[in-house]
Amino acid sequence: MATETRPDDTVVDLAIEGMTCASCANRIERKLNKLDGVHATVNFATEKAHVTAPRGTDTAVLIGTVEQAGYSAHVPAPPGCEDGDEPDGRTHEPTDALRRRLLISAALTVPVIAMAMIPALQFDYWQWLSLTLASPVVVWGALPFHRAAWTNLRHGTATMDTLVSIGVLAAFGWSVYALFWGSAGVTGMRHPFTFTIERMDGAGSIYLEAAAGVTTFILAGRYFEAKSKRRAGAALRALLELGAKNATVLRDGVESLVPIGELAVGDEFVVRPGEKIATDGVVVSGQSAVDASMLTGEAVPVEVRAGDAVTGATVNAGGRLVVRATRVGADTQLAHMGRLVEDAQAGKAAAQRLADRISSVFVPIVIAIAVGSLGFWLGAGQPASMALTAAVSVLIIACPCALGLATPTALLVGTGRGAQLGILIKGPEALEHTRRIDTVVLDKTGTITSGVMTLQAVHAAAGESADEVLAVAAALEAASEHPIARAVVRAAPAPLGAVEHFAAVPGLGVRGGSGGRTVAVGRPSLLDEDAMPLPDDLRAAFDEAQHRGQTPIAVGWDGAARGVLVVSDEIKPTSREAVARLRDLGLRPLMLTGDNEPAARFIAAQVGIDDVVAEVLPERKVGTVRALQADGRAVAMVGDGVNDAAALATADLGVAMGTGTDAAIEAADLTLVNGDLRTVVDAIRLARRTLSTIKANLFWAFAYNVAALPLAAAGLLNPMLAGAAMALSSVFVVSNSLRLRSFRPEKGY
């Protein structure tokens, strides 16, 4: 439940570094919440803490509390800094260091594993070369795990990092013991696999391949996870980039170009045709059509004149406007949409990864069994080497090599197969949400429809040719840049006639001469001004098109109305089939649009959708998604526009059409490259199958090892056999993941 912010509270956001799992976020959260009057939520995915504290609370106190928990924190860079840039201009890309650590570790690990597994490569003194190569991997490559394990130890907790660190150090330490004090360092030593179940002294075997291999495998998993998490803030960056960078300010009748940051409330600025409106404001003078699709999602521009409100980042598609700024900076509609996305992403912080939940129980048990085995056999009078062999076997058999592969390999194969099918999956969180989805909310424009205005019909008056009506209208509209005009021109046969005395009448249409005719194209009121009223048949066609939510325009020349052209956003040919397939999966489709109710109902009926929510702005889209979730629904949102970004982030599963905007794509969990709505079905199927594979991998990663734990504790399983069981579980995990390559869509397209 969200905590209400009191008037005397202050809100601070902190960037947290050093978290490796969800339990780290929980630990920091608990530490911060122990401070008087402080309420904090820590998002592991975005690596941020959102803190509400009494006004006057020193940020240094909050940062110090985080550091006391064993992590580092700082106030994040202000909006506007490039990704990875600090305010002082330094570039910081967190995944670079991890990538370098992974590549160096992998280069050193491959020959170590090869020599251990292939007897033909075991030349004299090969074991000492293995020690030389494995040592940097164990000490430097695994350093993040050792640090995390030490932090966990200081706070009396254990995570998978604890088990990784102990397992790696145990395998390495035993190998060093066997080389220097055992018989493994002798010239000509060979390393054959033995599968006997008997008590033995393992001082003649080394396990450097296990130590180095575990480190490299887990580093690979962490790297792919870090790359996924790095995208968490990309939606906000995409939104910020939509805004204008400069504004042409009008002061004392003189125009001057200034950075957007210098624009103040009350300033008047000029917006020329094709330019973005710099900030939210009110039109002072001028008339134009404004493309507000980034806000409403609708393809038809909005006519504005003096006194009308306009929104920053929308595009002036017509004449020159002078606008007075009413909101700037963080108060604008664009900034508000950014906050909606950020808030929605922060709401996913409660999702914890399955491996971490298992490890909270598994790690302490394994450590307890290893220590118990060592103590028991020493107390039973067995040699110290035999007791150590049992304890090390327990740690090695439980070392999570396969666990480190379980998620990354399934993700790599699943996402790779998805990419072949035009489906981009961002990470494991997205997969977890697909399992329980029961409602799919579909944006209309650009998702169900193409988002491009096209000519649907030509109604000619009695005695007139439909082709002539279209040709005459297109000749005149060719001089206009309005999207409706472009739709008419695209549909007309070439060549078009020359136009004379062209004039645009803002909000009504256009006039001009073509082929010796005096032509008017636009609203019926424009033709009425020229004494060309629509006859009853054309009026009926005009009204019917409006009832369907389409855009009709009247055409007349030489004193008479000659026809009506009908333009609308075209439904994608695959949308109806896609909706039917969603129903076959047991999902409830719902259409959400900023369009008017009649138009929305007409489009929904054509594709087979019963539930419609129309005339919504971005805030209400988010509200609609949340209302469905409050009713117990698990919601997938499918959209393509900036106006959908917040709703995509709020939904349990956000699906963006790849033909849409960067903001929508970055806010979503899944992206469909080809823009075909049928791919939504295959995306959900693939995501669910990938999730099932991950779960199977996690089960077997533990099952193989846990089954051998009693043998290891009893001293009947030598460390080499323990390492073999661990390797076998890894092979199984990889093989199971590769089965995802056989995934096929229901229909080829």
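Remember, predicted model here, so these are calculated numbers, not experimental data. (Residues numbered from 1 in each chain as written. Predicted model: local features only at pLDDT ≥ 70, side-chain atom pairs only at ≥ 80, totals over all residues. Heavy atoms only, no water.)

### Regarding the overall build of the protein
Across its full length, the protein carries 26 helices and 26 strands. Of all 749 residues assigned to the protein, the portion counted as buried reaches 51%. (Helix = DSSP H or I, 4+ residues; strand = E, 2+ residues; numbered from the N terminus. Buried < 20%, exposed > 50% of the residue type's maximum accessible area, 1.4 Å probe, protein only.)

### Quick word on the pairing of strand β17 (residues 499-505)
Looking at chain direction, β17 and strand β18 (residues 509-514) are connected through 5 bridges and run antiparallel. Residue pairing in the sheet places Val505 in a bridge with Gly509 of β18. Following β17, the chain reverses through 3 residues before pairing antiparallel with β18; Gly507 in that reversal takes a positive phi of roughly 85 degrees. (Pairing = 2+ DSSP bridges.)

### Points about the sheet that holds strand β7 (residues 268-271)
The 6 strands are arranged β6-β5-β7-β13-β8-β11 in an open sheet whose pairing can be described as antiparallel. The strands lining the two open edges of the sheet, one partner per strand, are β6 (254-259) and β11 (309-310).

### So, the sheet that holds strand β10 (residues 302-304)
Strand order in the open sheet formed by 3 strands is β10-β9-β12, and the pairing between neighbours is antiparallel. Single-partner strands in this sheet number two, and they are β10 and β12 (315-316). The pairing of strand β9 (residues 288-291) with β10 spans 3 bridges and is classified as antiparallel. Bridging across to β10, Ala289 finds its partner in Glu303.

### A look at the UniProt feature "transmembrane region" (unreviewed entry) in the protein
The positions UniProt marks with the feature "transmembrane region" (unreviewed entry) are residues 102-119, 125-143, 163-184, 204-224, 361-380, 386-413, 698-717 and 723-740. Secondary structure across residues 125-143 comprises 89% helix and 0% strand; the distance between its end C-alpha atoms is 27 Å. Regarding residues 361-380, the helix share stands at 95% and the strand share at 0%, and the terminal C-alpha atoms are separated by 28 Å. (UniProt positions renumbered as here; feature names shortened; annotations may be inferred.)

### Considering the packing of aromatic side chains
Aromatic rings in a pair are described by how distant their centres are and how their planes are angled relative to each other. Scanning the model with the defined rule gives 5 aromatic pairs in all. Of the aromatic side chains, those joined through ring pairs into one cluster are Trp128, Trp174, Tyr177, Phe180 and Trp181. Here the guanidinium or amino end of Arg101 rests over the ring plane of Trp140, the centre of that ring lying 4.7 Å away. Cation over ring: Arg517 sits above Trp557, and NZ or CZ is 5.4 Å from the ring centre. (Phe/Tyr/Trp six-rings, centres within 6.5 Å; stacked < 30°, edge-to-face > 60°. Lys NZ or Arg CZ within 6 Å of the ring centre and 35° of its normal.)

### Here's the deal with the pattern of salt bridges
Taken as a whole and judged by the stated rule, the model has 18 salt bridges. Among the salt bridges present, the one from Glu255 reaches Arg320, with a minimum N-O distance of 3.0 Å. Taken as a pair, Glu255 in strand β6 and Arg320 in the loop between β12 and β13 (321-327) lie far apart in primary sequence, 65 residues in all. On the basis of relative accessibility, which here comes to 32%, the residue Glu255 falls in the partly exposed class. (Salt bridge = Lys/Arg side-chain N within 4 Å of Asp/Glu carboxyl O.)

### Points about the confidence of the model for the protein
Taken over all residues, the pLDDT of the protein has a mean of 78, while the share at 70 or more is 80%. Considering each helix and strand of the protein separately, the mean pLDDT is smallest for helix α10 (residues 333-346), with a value of 59, and largest for helix α4 (residues 126-141), with 94. In the model, residues 1-5 has pLDDT below 50 throughout and makes 4 contacts with residues more than four positions away in sequence or in other chains. Low pLDDT, under 50, characterises residues 347-353; the stretch is placed with 14 contacts to residues that sit more than four places away or in other chains. (pLDDT = per-residue confidence, 0-100. Contact = heavy atoms within 4.5 Å.)

### Details of the pairing of strand β8 (residues 280-285)
Bridging between β8 and β13 involves 5 bridges; their strand directions are antiparallel. Bridged to Val283 within β13 is Val323. Summarising the sheet, β8 and β11 pair through 2 bridges and their orientation is antiparallel. Directly across from Val282, in β11, lies its bridge partner Ala309.

### Some details on helix α17 (residues 483-491)
Among the residues making up α17, those that are buried are Pro483, Ile484, Ala485, Ala487 and Val488. Turning to α17, the residues buried within the fold contact β16 (449-460), α16 (466-477), β20 (551-557) and β21 (560-571).

### Quick notes on the packing of α4 against helix α5 (residues 143-154)
It is at 5 Å that the axes of α4 and α5 come closest, and there the two elements cross at 40 degrees. As far as their axial angle goes, α5 and α4 are oblique. Listed contacts from α5 to Val138, Val139, Trp140 and Gly141 of α4 are Leu143, Pro144 and His146. Split by residue class, the contact of α4 with α5 holds 5 nonpolar, 2 polar and no charged. (Axes fitted to C-alpha atoms, helices over the stretch in contact; angles between N-to-C directions. Parallel < 35°, antiparallel > 145°, perpendicular 65-115°, else oblique. Nonpolar A, V, L, I, M, F, W, Y, C, P; charged D, E, K, R; others polar.)

### Side note on helix α2 (residues 59-68)
Along α2, the positions that sit buried rather than exposed are Leu62, Ile63, Gly64, Thr65 and Val66. Regarding α2, its N-cap is Asp58, as a side-chain oxygen of that residue lies 3.0 Å from the backbone nitrogen of Ala60 further along. Following α2 by one or two positions, Gly70 adopts a phi angle in the positive range, close to 100 degrees. (Polar contact = N/O pair within 3.5 Å; in protein donor to acceptor, adjacent residues only side chain to side chain.)

### Focus on the environment of Leu677
As for its position among the elements, Leu677 is in the loop between β26 (670-672) and α25 (678-713). What makes Leu677 buried here is its relative accessible area of 0%. The spatial distance from the C-alpha of Leu677 to the C-alpha of Glu577 is 8.8 Å, given a sequence separation of 100 residues. Non-local contacts of Leu677, meaning those with residues more than four positions away in its chain, are made with Leu442, Thr447, Ile448, Thr574, Ser575, Ala578, Val638 and Met657.

### Examining the packing of helix α20 (residues 575-584) against helix α21 (residues 597-607)
One way to put it is that α20 packs onto α21 with a least axis distance of 8 Å and a crossing angle of 70 degrees. On the basis of their axis angle, the class for α20 and α21 is roughly perpendicular. Judged by residue contacts, Ser575, Arg576 and Val579 of α20 engage Ala605, Gln606 and Val607 from α21. Split into classes, the residues belonging to the contact of α20 with α21 amount to 3 nonpolar, 2 polar and 1 charged.

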